[in-house]
Amino acid sequence: MRKIVTFFNSFFEDKAVSDQSPKESIEAGKALYEYFQKQVEHEKNRFQKLEDKASKFLTMISVIITAYLFVINKFSENFASLCSLSRALQIYQITLIILFILLFLTLGLSWLYLLKVLKPLTTRHLPCSQETIDVYINHPNKLNEIYHDNANKMKQVIDEYKSTNKVKVQLLSKAYNCISISGVFFAIIIPLSVIYKYLT
């Protein structure tokens, strides 16, 4: 990979370009342009996959929240005043309430992180105006410069996509950790809630 990058970077050196014939220079610029074009598509696809993964995580959280509300409803039916419970059951009930609160907080955090991943963003793109078309039509003898200019613009697009994708990966990682923790809390709450139901 490093050899490929080094090879393409050589196209930007004035000495290397000057040693090439016009046809070879155009072909080199075209190859560079096509290479960066593929990299743009790669980063765009990665961007879309990250958003698709965030959507799947949101679906998972929706299922967990549905189960959470069901357990809360069942728990509240057997909820008793602390004053009417023994000391041991008071501690037991307070522990359950704390676990419910922690579960709610972790679900809320994961939801927040995922919404940030899906937040609409304005991304950089290549110009597609009439002026761009005119450049190709009116300057056919400068295709080499046009290819190099477009390659530079695509590099900026790639850098922006990479930066955005890096942030999305970090947010997805945080959301995944929160979902995992909420799953642990939920796995603890269910048997404790069942035990509490029989104790009261």
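Structure first, text after, so check above.
Residues numbered from 1 in each chain as written. Predicted model: local features only at pLDDT ≥ 70, side-chain atom pairs only at ≥ 80, totals over all residues. Heavy atoms only, no water.

Asker: If you had to explain the overall build of the chain to someone new, which residues and values would you point to?
Answerer: Along the chain, the regular secondary structure elements total six helices and zero strands. Shown N-terminal to C-terminal, the secondary structure of the chain runs as helices and strands in the order α-α-α-α-α-α. The buried share of the chain, reckoned over its 200 residues, is 30%. (Helix = DSSP H or I, 4+ residues; strand = E, 2+ residues; numbered from the N terminus. Buried < 20%, exposed > 50% of the residue type's maximum accessible area, 1.4 Å probe, protein only.)

Asker: Mind laying out the nonpolar core, listing which residues take part and the relevant values?
Answerer: Counting 23 residues, the largest nonpolar core has Leu103, Leu107, Leu114, Leu172 and Ile189 as the members making the most contacts within it. At the level of secondary structure, the elements contributing two or more residues to this core comprise α3 (22-77), α4 (87-117) and α6 (143-199). Beyond its immediate chain neighbours, meaning those up to four positions away, leucine 107 contacts Ile61, Ile64, Ile65, Tyr68 and Ser182. Residues Phe36, Ala151, Met154 and Tyr161 belong to the second largest nonpolar core, which totals twelve residues. (Core = buried A, V, L, I, M, F, W, Y, C linked by side-chain atoms within 4.5 Å. Contact = heavy atoms within 4.5 Å.)

Asker: Describe the side chain of asparagine 165, with residues and values.
Answerer: Note that asparagine 165 resides in helix α6. Given the relative accessible area of 0%, asparagine 165 is considered buried. Filtering out sequence-adjacent residues up to four positions away, asparagine 165 remains in contact with Glu43, Arg46, Phe47 and Leu50.

Asker: So what's going on with the packing of aromatic side chains? Which residues, and what values?
Answerer: Evaluated as defined, the whole model comprises two aromatic pairs. Ring centres of phenylalanine 57 and tyrosine 176 lie 6.1 Å apart, and the angle between their planes is 35°; on these two criteria the pair is classed as tilted. Remark: tyrosine 176 occurs in helix α6 and phenylalanine 57 occurs in helix α3; sequence separation between them is 119 residues. Look at phenylalanine 57 and you get buried, because its relative accessible area is 13%. Taking the relative accessible area as the measure of exposure, tyrosine 176 reaches 48% and is therefore partly exposed. (Phe/Tyr/Trp six-rings, centres within 6.5 Å; stacked < 30°, edge-to-face > 60°.)

Asker: Quick rundown of the side chain of threonine 164? Include the residues and the values.
Answerer: In this structure, threonine 164 sits in helix α6. Beyond its immediate sequence surroundings of up to four residues, threonine 164 is in contact with Phe47 and Leu121.

Nothing here speaks to function; it is all geometry.
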